[in-house]
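Examination of the molecular architecture
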Amino acid sequence: WRGEPLSGADEPSEWLYRGMDEVAGEVLVVLDEELQLLKDAFYKATGAEGCKAVVPLRDRLLDQYGDQIEDKSTLAKMVGTNQ
């Protein structure tokens, strides 16, 4: 971050995630699994009710965009085919 919005060739496409491959999708899966484990441990230690709102990414995508996702077979395809 240089303190200014990106522009020109540096500006990301409006379809930022369209080219997501399966490797990147698997990275998201692993990161999400780790997040869920951390959330569960934090909830067990503190009882913080807000933890219940931290749902798996796949579930969140389906809840928010389910009817807009063409291919639900993998996380990468879910992200890449979300309209």
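Conventions used here
- Residues numbered from 1 in each chain as written.
- Predicted model: local features only at pLDDT ≥ 70, side-chain atom pairs only at ≥ 80, totals over all residues.
- Heavy atoms only, no water.
- Salt bridge = Lys/Arg side-chain N within 4 Å of Asp/Glu carboxyl O.
- Buried < 20%, exposed > 50% of the residue type's maximum accessible area, 1.4 Å probe, protein only.
- Patch = residues over 30% accessible without salt bridge, like charges linked within 9 Å, V, L, I, M, F, W, Y side chains within 5 Å.
- Areas by Shrake-Rupley, 256 points an atom, 1.4 Å probe, with all protein chains shown as cover.
- Lys, Arg positive; Asp, Glu negative; His and termini not counted.
- Charge placed at Lys NZ, Arg CZ, Asp CG, Glu CD.
- Helix = DSSP H or I, 4+ residues; strand = E, 2+ residues; numbered from the N terminus.
- Contact = heavy atoms within 4.5 Å.
- pLDDT = per-residue confidence, 0-100.

In this section: the pattern of salt bridges. In this structure the tally under the stated criterion is two salt bridges. Note that K39 is salt-bridged to D40, the shortest N-O span being 3.4 Å. Of the charged contacts in the structure, one is a salt bridge between K52 and E49, with a shortest N-O distance of 2.8 Å. For K52, a relative accessible area of 52% translates into the label exposed.

This part is about a negative patch on the surface. Residues D21, E22, E26 and E33 make up a contiguous surface patch of negative charge. Relative to the helices and strands, E33 is located in helix 1 (residues 22-46). Classification of E33 as partly exposed rests on a relative accessible area of 48%.

Moving on to the side chain of K39. Looking at the secondary structure, you find K39 in helix 1. Residue classification places K39 among the buried residues on the basis of a relative accessible area of 17%. Residues within four places of K39 in sequence aside, it is in contact with C51 and V54.

Assignment of secondary structure puts D32 in helix 1. The side chain of D32 sits in the buried core without any salt bridge; K39 is the nearest counter-charge, 8.7 Å away.

Another point: the confidence of the model for the protein. Predicted confidence across the protein gives a mean pLDDT of 87, with 90% of residues reaching 70 or more. When mean pLDDT is taken per element in the protein, helix 1 scores highest with 95 and helix 3 (residues 75-80) scores lowest with 88.

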